[in-house]
Amino acid sequence: MRRMSVFPQHGTALGNLGRTANEIRQEAENSKSELVSDLVNLSAGARFQAIRSLPMPFNERKTVRNRVNSVKLSKTILTADCRQQVSRSFRRFCASLASAMQHLIIWQDTLKEIGGRFGTSVLSYFLFLKWLLQFNLFSLIINFCFITIPQIVHAPNISSTTGFRGLELLTGVGYFNQTVLFYGGYNGEVIVSKPAYNMQLAYFFTIATYLVLCWVSLIYSMSRSFQKNFVLETGPVSGGAWRLLCSWDFSVVNEKAIQYNKNNLAIQLKESLSERLQEKNKMSLSDRIKHLSLHLLAWLLSLGLALGSCAGIYFLGTDPDLVSSFTVWYHSHFACISHSCAYVLLQAFSFNHNPNDLRAEASTLLLPVVVSLINLIVPLLYSLISKIESYPNPRTKIYISIIRNVILKMSVLGILCFYWLNFVPDNISCWETFVGQSVYRLLIIDFIFCLLGIFFGEFLRNVIGTMWIQSLGVPEFDIARNVLDLIYAQTLAWIGIYFSPLLPVMQVLKLFIIFYLKKVSLSMNCQPPKHTGRAAQIQTVFIALLFFPSFVGVLSMVAYTVWSLKPSDQCGPFQGLDTPFQTIFNWTDSIQNFPKGNWVWWIFENILRSELFYYLISLIVLVITYFLWQITQGRKQLIKTLREQIVNEGKDKAFLLNKLQNLQKERREIASYRPQDFDQTPHFNPNWTNTLPLDM
């Protein structure tokens, strides 16, 4: 193809001096027309590259491209060109759609702003909150579509109504007793439609599907995070040089945040150096015994506090006589206690409340308040206990604090679940609704304490540290404590998913409000934490804690409820059955009579109910796990060998560099030697015979 020139093709510029301007312009136009005709005959890719390589300004190339497109549109479009045009249009549409989707992602700009001002360590908390919000949004959508809407459209299961008094927003009882917010608001009737809609199957499979999808998502997220943050960042590459040269957070643009990152990097380097020095300087036997004694004492105190808290909740929930005796004793020794407070204590843990008694309804908030106070005060005591210990590494101190808080929170939830599943079903007619209301109250009171923590723990702490006691300084944003609070709240939401299908509504609203309040509090009251070494690995630990013991414990509780406990006879979709899982047996028995459903019955009876099937599945999983473990070990050995080769090549290069330096040094020494000039003209020695050997 002929390239476009700024001059006509006939002769040179000197040869065109005798021609008129119109003739030169006409010649240039003819040349451009020939260029356009040549470009039209090319394929789309070649035409694009040819236009880009034209030696002319951008505006002229754009004019040429427009003329080529207009000529192609005026001609008959071939099949190949049409396909290329459609493909290009589709790519442009996909690019535009992707750009539009970026703007639709929730909190996209806000998260970028947080990452730019406070770094990725603080950003990880908000990303974790957003991740939990997606869980609850998905749960809300499927529960509302497959359980709530069919029940509302068919017929609400309401036998008696109570007027709304406002206290229900905190307690969940009264007006909400038989609404679709809780288990008792649903029935197990088959909705007559084409096809028929079985509410029992819909309730069972919707909850089961959501839990299975959560399990798959948690496993995938945990494995990906572990691979990224533990496997790829361990070994020699994660030492001081890597941290110094490759760990800077380039998303930070705020000057104050940059200074925080500098200080954080300096702290990480000091910690890394102190760890290496501690490996060399081993403690004596007496120092080891002293440290072990302090650690043992701290662990005994921590476990004692957790055990005492669980015992208090257990006895308060299971022994109302104990509460009555304590109230009488306290009232007899302290006259300042009022009769109303004593009545609240007596009614707090009784199973039968008058629905019209506001005082009895308010007394149900005592247990959630006690639980929230335990979750607030005991971690502060853990912080005081940790001061008697002397951990050489701050990261170890963070992990120990996380483990103790997880033990406390999961122990409290375990005692509550034991109380709900062993004492409540025998004393309350619609016990599933009672459990759902108890979880609802725990979630609401935990949200209120979270708001109080933002105000008193961050706002007032900032005011005191900046105005009155300046030595305290600005409070740090405690990532570990805030993430553990999110894990605790999400565990409550998962526990209540079976007993309150619309409980994700409250969790979604709670996460939305907490996100914006934490963002404002972070901007106004807090500073990024000083010790954020390996924040990504701590994030992996948080995902692992969300899976175990949080999600695994919830899954065990729901499975025990479905397989072992008898549902209420007066409310709920499974009333009249021995266990909720019996609805699956009833369904398979009903489809056995249909010729087209025999295969479903055969699969359920001969495969899903066979122990051999699960034995084979377990065996296959173990074999696959073994092969993957062997592959991982082989890759680790290969990585080790490659690292050894890199070290050996480095030694070889160092040896060659030393040889080269020695050679250059010798050459410089030779070059520095300058002998005196001498006459190279040959001279005749008359006594040349004296130079001969004597034996000649």
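Residues numbered from 1 in each chain as written. Predicted model: local features only at pLDDT ≥ 70, side-chain atom pairs only at ≥ 80, totals over all residues. Heavy atoms only, no water.

Undergrad: Run through the overall build of the protein chain, naming residues and quoting values.
TA: A tally of regular secondary structure across the protein chain gives 23 helices and two strands. Put simply, 73% of the contacts in the protein chain that link residues at least 6 apart link residues at least 24 apart. With the model as given, the accessible surface of the protein chain reaches about 42000 Å², and the carbon-plus-sulfur share is 65%. (Helix = DSSP H or I, 4+ residues; strand = E, 2+ residues; numbered from the N terminus. Contact = heavy atoms within 4.5 Å. Areas by Shrake-Rupley, 256 points an atom, 1.4 Å probe, with all protein chains shown as cover.)

Undergrad: So what's going on with a nonpolar patch on the surface? Residues and values would help.
TA: Among the surface-exposed residues, Leu612, Tyr615, Leu616, Leu619, Val623, Tyr626, Phe627 and Trp629 lie close enough to one another that they form a single nonpolar patch of about 850 Å² accessible area. Mapped onto the fold, Leu612 is located in helix α23 (residues 611-672). (Patch = residues over 30% accessible without salt bridge, like charges linked within 9 Å, V, L, I, M, F, W, Y side chains within 5 Å. Salt bridge = Lys/Arg side-chain N within 4 Å of Asp/Glu carboxyl O.)

Undergrad: Any chance you could break down the side chain of Ser221 for me, citing the residues and the numbers?
TA: You can see Ser221 is positioned in helix α8 (residues 199-231). A distance of 2.9 Å separates a polar side-chain atom of Ser221 from the backbone oxygen of Ser217. Contacts of Ser221, omitting those with residues within four sequence positions, involve Trp131 and Ile543. (Polar contact = N/O pair within 3.5 Å; in protein donor to acceptor, adjacent residues only side chain to side chain.)

Undergrad: Let's hear about helix α1 (residues 21-40): which residues, and what values?
TA: Here α1 spans 29 Å end to end across 20 residues, near enough to the 28 Å set by a 1.5 Å rise per residue. Here α1 has its buried residues at Glu27, Ser31, Lys32, Leu35, Val36, Leu39 and Val40. (Expected span 1.5 Å × (residues − 1). Buried < 20%, exposed > 50% of the residue type's maximum accessible area, 1.4 Å probe, protein only.)

Undergrad: Which residues make up the nonpolar core, and what values go with them?
TA: With 109 residues, the main nonpolar core has Tyr125, Phe128, Leu416 and Trp420 as its most contacted residues. Residue contributions to this core peak at 13 residues, all from helix α6 (residues 120-154). If we ignore the near neighbours within four places in the chain, the residues touching Leu416 are Ile313, Leu367, Val371 and Leu442. (Core = buried A, V, L, I, M, F, W, Y, C linked by side-chain atoms within 4.5 Å.)

Undergrad: How would you summarise the side chain of His295 if you had to cite specific residues and measurements?
TA: Relative to the helices and strands, His295 resides in helix α11 (residues 285-318). A residue is classified by how much of its surface remains accessible, and His295, at 19% relative accessible area, is buried.

Undergrad: Please provide a residue-by-residue account of the state of the cysteines, values included.
TA: The final tally for this structure, using the stated rule, is one disulfide. Each sulfur of the disulfide joining Cys430 and Cys571 lies 1.8 Å from the other. On the sign convention where negative is left-handed, the bridge of Cys430 and Cys571, at about 100° about the S-S bond, is right-handed. Placement of the pair is Cys430 in the loop between α16 (394-422) and α17 (431-468) and Cys571 in the loop between α20 (535-564) and α21 (582-591), with a sequence separation of 141 residues. Summarising the burial analysis for this pair, Cys430 and Cys571 share the class buried. (Disulfide = S-S within 2.5 Å.)

Undergrad: Give a detailed account of unusual backbone geometry, specifying residues and quantitative values.
TA: For the bond running from Phe548 to Pro549, omega is 10°, close enough to zero to count as cis. Examined against the element boundaries, Pro549 turns out to sit in helix α20.

Undergrad: Describe the packing of helix α18 (residues 479-495) against helix α19 (residues 503-525), naming the residues involved and giving the relevant values.
TA: Packed helices, taken two at a time, are described by the angle their axes make and the gap between the axes. Orientation of α18 relative to α19, taken along the N-to-C sense of each, is 165°, at an axis distance of 10 Å. One element, α18, and the other, α19, form an angle in the roughly antiparallel class. Taken as a pair, α18 and α19 cross one another with a handedness that is right-handed. In contact with Asn482, Leu486, Ala489, Gln490, Leu492 and Ala493 of α18, α19 contributes Leu503, Gln507, Lys510, Leu511 and Lys518. Residue composition of the contact of α18 with α19, grouped by class: six nonpolar, three polar and two charged. (Axes fitted to C-alpha atoms, helices over the stretch in contact; angles between N-to-C directions. Parallel < 35°, antiparallel > 145°, perpendicular 65-115°, else oblique. Left-handed = near helix turned anticlockwise from the far one by under 90°. Nonpolar A, V, L, I, M, F, W, Y, C, P; charged D, E, K, R; others polar.)

Undergrad: How would you sum up the pattern of salt bridges? Please name residues and give values.
TA: Under the definition given, this model contains seven salt bridges. Each member of the salt-bridge network shares a partner with another, and the members are Lys409, Asp478, Arg481 and Asp485.

Undergrad: For the environment of Phe548, give the residues involved together with the corresponding values.
TA: Note that Phe548 resides in helix α20. Overall, Phe548 belongs to the exposed group, its relative accessible area being 53%. Spatially, the C-alpha atoms of Phe548 and Leu218 are 10.0 Å apart, while their sequence positions differ by 330 residues.

Undergrad: Requested: an account of the packing of aromatic side chains, with residues and values cited.
TA: With the rule as written, the count across this model stands at 38 aromatic pairs. When the ring of Tyr175 is compared with that of Phe176, the centres are 5.8 Å apart and the planes differ by 65°; the resulting orientation is edge-to-face. Looking at Tyr175, the relative accessible area reads 40%, which means it is partly exposed. Judged by relative accessible area, Phe176 falls into the buried class, the value being 14%. (Phe/Tyr/Trp six-rings, centres within 6.5 Å; stacked < 30°, edge-to-face > 60°.)

Undergrad: Tell me about α6, residues and numbers included.
TA: Note: α-helices contain 3.6 residues per turn, so residues at a spacing of three or four share the same orientation. Here α6 contains 35 residues, and its C-alpha end-to-end distance of 49 Å stays within 8% of the 51 Å for a straight helix at 1.5 Å per residue. Where α6 bends most, at Phe144, the angle is about 45°. (Bend = angle between axes of the 7 residues up to and from the residue.)

Undergrad: Tell me about a positive patch on the surface, and name the residues and values.
TA: On the surface, Lys62, Arg65, Arg91 and Arg92 cluster together to form a positively charged patch. Mapped by element, the contributors of at least two residues to the positive patch are α3 (58-74) and α4 (79-104). Among the structural elements, Lys62 can be located in helix α3. Take Lys62: its relative accessible area is 40%, and that puts it in the partly exposed class. (Lys, Arg positive; Asp, Glu negative; His and termini not counted. Charge placed at Lys NZ, Arg CZ, Asp CG, Glu CD.)

Undergrad: Requested: an account of the packing of α17 against α19, with residues and values cited.
TA: Where α17 contacts α19, the axes come no closer than 11 Å and their chain directions differ by 5°. In terms of axis orientation, α17 runs roughly parallel to α19. Between α17 and α19, the residues in contact are Val439, Tyr440, Leu443, Ile444, Asp446, Phe447, Cys450, Leu451, Ile454, Glu458, Phe459 and Asn462 and Leu503, Met506, Gln507, Lys510, Ile513, Ile514, Leu517, Lys518, Ser521, Met524 and Asn525, respectively. Residues of the contact of α17 with α19, tallied by class, amount to 15 nonpolar, four polar and four charged.

Undergrad: Can you explain the confidence of the model for the protein chain? Please cite residues and give values.
TA: In low-pLDDT segments, the atomic positions of the prediction should not be examined closely. For the protein chain, per-residue confidence averages 78 on the pLDDT scale, and 77% of positions sit at 70 or higher. Contacts for the low-pLDDT stretch residues 1-15, under 50 throughout, to residues beyond four places or in other chains number 27 contacts. Considering only residues more than four positions removed or in separate chains, one finds that residues 321-331, a stretch of pLDDT under 50, has 11 contacts. (pLDDT = per-residue confidence, 0-100.)

Undergrad: Could you give an account of the environment of Val370, naming the residues involved and the relevant values?
TA: By the element assignment, Val370 lies in helix α15 (residues 366-386). In this structure, the C-alpha to C-alpha distance between Val370 and Leu442, residues 72 residues apart in sequence, is 9.9 Å.

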